[in-house]
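Residue-level structural notes
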Amino acid sequence: MSSNPYSAPQLPDAHSSDFQPALNKRYKLDRFFEFLTWIATFVGLLVLMMLLYDVISDGASRLSWQFISSFPSRRPAAAGLLSALVGSIWLLCVTAILSFPIGVGAGIFLEEFAPDNFFTQIIEINIGNLAAVPSIIYGLLGLQVFSRIMRPITGGPSVLTGGMTLALLILPIIIVATRESLRAVPNSLRQGGFAVGATRWQVIRNLILPQAIPGILTGTILALSRAVGETAPLITIGALTFIAFLPPLSLEGLQTDFTALPIQIYNWVSRPQPEFHTNAAAGIIVLMVVLLTMNTTAVLLRNKFQKGRI
Amino acid sequence: MTNIANPTMISDSQPHLQEPALKMEGVSIFYGSTPAIREVYLDIPAHQITAFIGPSGCGKSTVLRCFNRTNDLIPGAKVTGNVFFRGVNLYSKKVDPVEVRRRIGMVFQKPNPFPKSIYENIAFGARINGYQGDMDQLVENSLRRAAIWDEVKDKLKDSGLSLSGGQQQRLCIARAIAIQPEVILMDEPCSALDPISTLRIEELMQELKEQYTIVIVTHNMQQASRVSDKTAFFNAEATEQGGKLGFLVEYDDTVNIFTNPKQDFTRDYVSGRFG
Ligand SMILES: Nc1ncnc2c1ncn2[C@@H]1O[C@H](COP(=O)(O)OP(=O)(O)OP(=O)(O)O)[C@@H](O)[C@H]1O
Ligand SMILES: [Mg+2]
């Protein structure tokens, strides 16, 4: 009995007997690897589900409008994460505004303009290395350079300092994502553009970028999601945990102290009272909603741009 | 002729018929340190069709790319010797490669339409080069001349990539014509076409040579003998390093190459008895 799923009807005997197809064995190997990949997916999902269940069962009851619209407090029942949520959103905007143009610009330069020589290869290797540097190192850099040396501009451990530190942190990721997306655009397209007398920038702007932008955006938003969840560098630069005001929406607002969701959560988790642990779980749910919203935006943006190009 | 904002040494006067449109003097081309083609001397007459033939990998495309400086875009590619376009050295410092490429158009071996609408595929090159005339008219004319208008006139907004391979190639030819170059370089433009479209392209080339100078690379001996006025036969020899080095074997009127070649090599190749 053959396990070949396409067994009936049988083909007439082959003319050449130089081949031993061993279909049974090959199909078995197929199913074996299918099973392995299924297990891998299942394990991943299971762990994720358990985490989600744990957090939601702990924190869902605490979620309320009061929780989202209140400032932190010493009494767990009155505490909320308004300043942390607003701080995170502020931070995200500053980070995005700083890192997107610099990262994409650097990516375009390195991929499309820079000659391939020893110098640019050194830069390339170093950018790869920077992406792997632990985030606390960026925090130390931010503390010294942005928070201390540049204090007159940044105002100390402020939103601006935090945003600049996080922007540095995700810059290598954005540069690498940009370069990968540009590299995926076939060279024949560039040649076609040059052959009709386009300059380098015209080729990039009109032919290459429209193809690469979905990938660039996806990479950027995933990098930003990473920035939103970062705790260590923010604590290192000296972000506060107890902020009972909202930064004003102005340039001075950039220089005010701030707190962010991961810091608030970290702070609540490290308190002894169990009520604060419930608050932390609820905070994690809010953080996850923010991340989920961002990732959905990434997918939607990508689909929109992919539909836009023909 | 449109005004050129960017001054170059290329003059705009009518070509003298005696003067070759393109001229190569001792041109050698390297990829990195590996030589790909050595010492080519070649005069390409204006308003005629010149065919490049020769076995695969002997460097025909490489030589062709020299004429519009697209070799500049390949990292490590190096050209030595002189290439003249109507008497002006294309590789002189004062010549702007972007302007060279508008004046010397190119159709590639593999069709590479832009991922834009059919209309935009034609209009793009004209627009970036500051075309002042009626764009709709230019698009229609270019598509008509490339023998593809009837097939696409009702779907100009569709993607250029939605066309069949042969249609894409004709779209690329239309795109090359649209910027009104003086020379059109064609790298096996018919290798993806059916016999009927091939015939149309060949008729088109006959028509175009009134206005343009055409250089075509082809593997099709019949095509070379049918359409071209002059034929250059390239071949490659093994080098000591184990690579292959291309060179020009013979260059003459097409009739002579196909009926009375001077080299035995050429005779064997055109009669299909090569190697
Ligand atoms: N971009 C490149 N980088 C390095 N070497 C190249 C490059 N393009 C071509 N070559 C080398 O140059 C030689 C000539 O290639 P070319 O493409 O000019 O041949 P061809 O005559 O056009 O061949 P075909 O008829 O198959 O198109 C080949 O040995 C090839 O390996
Ligand atoms: Mg070729």
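Shown above is the structure to which this text applies.
One structure accompanies this document, and this report is about it.

What counts as what
- Residues numbered from 1 in each chain as written.
- Chains lettered and ligands numbered in written order.
- Predicted model: local features only at pLDDT ≥ 70, side-chain atom pairs only at ≥ 80, totals over all residues.
- Heavy atoms only, no water.
- Helix = DSSP H or I, 4+ residues; strand = E, 2+ residues; numbered from the N terminus.
- Contact = heavy atoms within 4.5 Å.
- Areas by Shrake-Rupley, 256 points an atom, 1.4 Å probe, with all protein chains shown as cover.
- Lys, Arg positive; Asp, Glu negative; His and termini not counted.
- Charge placed at Lys NZ, Arg CZ, Asp CG, Glu CD.
- Buried area = accessible area lost by both parts, 1.4 Å probe.
- Salt bridge = Lys/Arg side-chain N within 4 Å of Asp/Glu carboxyl O.
- Polar contact = N/O pair within 3.5 Å; in protein donor to acceptor, adjacent residues only side chain to side chain.
- Nonpolar A, V, L, I, M, F, W, Y, C, P; charged D, E, K, R; others polar.
- Buried < 20%, exposed > 50% of the residue type's maximum accessible area, 1.4 Å probe, protein only.
- Pairing = 2+ DSSP bridges.
- Right-handed = clockwise from strand over helix to strand, strands pointing away.
- 1 Å grid on protein atoms, 1.4 Å probe; cavity = no way out; pocket = protein on both sides within 12 Å on 5 of 7 lines; lining within 4 Å.
- Points joined across faces, edges and corners; volume = space filled by probe spheres on them.
- Core = buried A, V, L, I, M, F, W, Y, C linked by side-chain atoms within 4.5 Å.
- Near = heavy atom within 4 Å.
- Donors = N, O, S within 2.8 Å, 3.2 Å for Na, K, Ca; no water.
- Expected span 1.5 Å × (residues − 1).

When helices and strands are counted, chain A shows 13 helices and zero strands. Seen in sequence order, chain A has helices and strands lined up from the N terminus as α-α-α-α-α-α-α-α-α-α-α-α-α. For chain A, the spread of C-alpha atoms along the three principal axes comes to 85 × 60 × 35 Å. A sequence separation of at least 24 residues applies to 72% of the contacts in chain A between residues at least 6 apart. Counting every atom, chain A has about 17400 Å² of accessible surface; 69% of that belongs to carbon and sulfur. Looking at charge distribution, chain A has the averaged site of its 20 positive side-chain charges lying 6 Å from that of its 15 negative ones.

Many analyses report the size of an interface as the accessible area lost when the parts associate. If you look at the interface, chain A gives 17 residues, while chain B gives 22 residues. A combined buried area of about 1700 Å² lies between chain A and chain B, and 69% of that area is made up of carbon and sulfur atoms. Where chain A touches chain B, the interface holds zero salt bridges. Across the chain A-chain B interface, the total number found is three residue pairs in polar contact (both at pLDDT 80 or more). Elements supplying a minimum of two residues to the side of chain A that touches chain B: α8 (187-195) and α9 (200-229) of chain A. The dominant element in the side of chain A that touches chain B, judged by the number of residues it contributes, is α8 of chain A, at seven residues. Among the residues making up the side of chain A that touches chain B, the classes are represented as seven nonpolar, nine polar and one charged.

Another point: the pairing of strand β8 (residues 213-217) of chain B. Residue and element names in this part refer to chain B. Burial analysis of β8 places five of its five residues in the buried class, the great majority of the element. The two faces of β8 match: Thr213, Val215 and Val217 on one face and Ile214 and Ile216 on the other face are all buried. With five bridges connecting them, strand β7 (residues 183-187) and β8 associate as parallel partners. Note on β8: the bridge partner recorded for Val183 is Thr213. In this fold, the crossover linking β7 to β8 by way of helix α7 (residues 195-208) has right-handed handedness.

Let us look at the layout of surface pockets. A volume near 710 Å³ is recorded for the largest pocket. If you trace the largest pocket, you find 24 residues lining it, with Glu111, Glu112 and Arg200 of chain A together with Leu73 and Pro75 of chain B closest to the centre. Looking at the lining of the largest pocket, the elements with two or more residues in it are α3 (82-113), α4 (118-130), α7 (159-183), α8 and α9 of chain A. Taken together, the residues of the lining of the largest pocket break down into eleven nonpolar, four polar and nine charged.

If you look at the biggest cluster of nonpolar residues, it comprises 60 residues, and the most contacted ones within it are Leu81, Leu234, Phe258 and Leu261 of chain A. Mapped by element, the contributors of at least two residues to this core are α3, α5 (135-149), α7, α8, α9, α10 (232-237), α12 (261-269) and α13 (274-308) of chain A. Considering each element in turn, this core owes the most residues, twelve residues, to α9 of chain A. Those residues in contact with Leu234 of chain A that lie beyond four places of it in its chain are Leu91, Gly162, Leu166, Ala239, Phe258, Ala260 and Ile263 of chain A. Among the nonpolar cores identified, the runner-up in size contains 44 residues, and Val107, Ile122, Tyr212 and Tyr269 of chain B belong to it.

Let us now look at the site of ligand 1. Residues and elements named next belong to chain B. Around ligand 1, a shell composed of 14 residues is seen, among which Ser56, Lys60, Ser61, Thr62 and His219 lie nearest. With respect to ligand 1, the backbone of Cys58 contributes an N or O atom lying 3.3 Å from an oxygen atom. Measuring from an oxygen atom of ligand 1, one finds a side-chain N or O atom of Gln109 at 3.1 Å. Out of a free accessible area of 630 Å², ligand 1 has 64% covered by protein chains.

Structurally, Thr259 of chain A can be placed in the loop between α11 (251-254) and α12. In contact with Thr259 of chain A, not counting residues within four places along its chain, are Ser83, Ala84, Gly87, Ser88, Leu240, Thr241, Ile243 and Gln264 of chain A.

With that settled, the discussion passes to the coordination of the magnesium ion (ligand 2). Protein ligation of the magnesium ion (ligand 2) involves Ser61 of chain B (OG) and Gln109 of chain B (OE1), the donor distances falling in the range 1.9 to 2.7 Å. Here the residue Ser61 of chain B occupies a position in helix α1 (residues 60-66), and Gln109 of chain B occupies one in the loop between β6 (104-107) and α3 (118-128), the gap between them amounting to 48 residues.

Looking at where Ser147 of chain A falls in the secondary structure, it is placed in helix α5. Apart from the residues lying within four places of it in its own chain, the contact partners of Ser147 of chain A are Gly142, Thr154, Gly156, Pro157, Thr161 and Ile237 of chain A.

What follows deals with helix α6 (residues 165-178) of chain B. With 14 residues, α6 of chain B should cover 20 Å at 1.5 Å per step; its first-to-last C-alpha distance of 20 Å lies within 8% of that length. Of all 14 residues making up α6 of chain B, 13 are buried, and the element is well covered by its neighbours.

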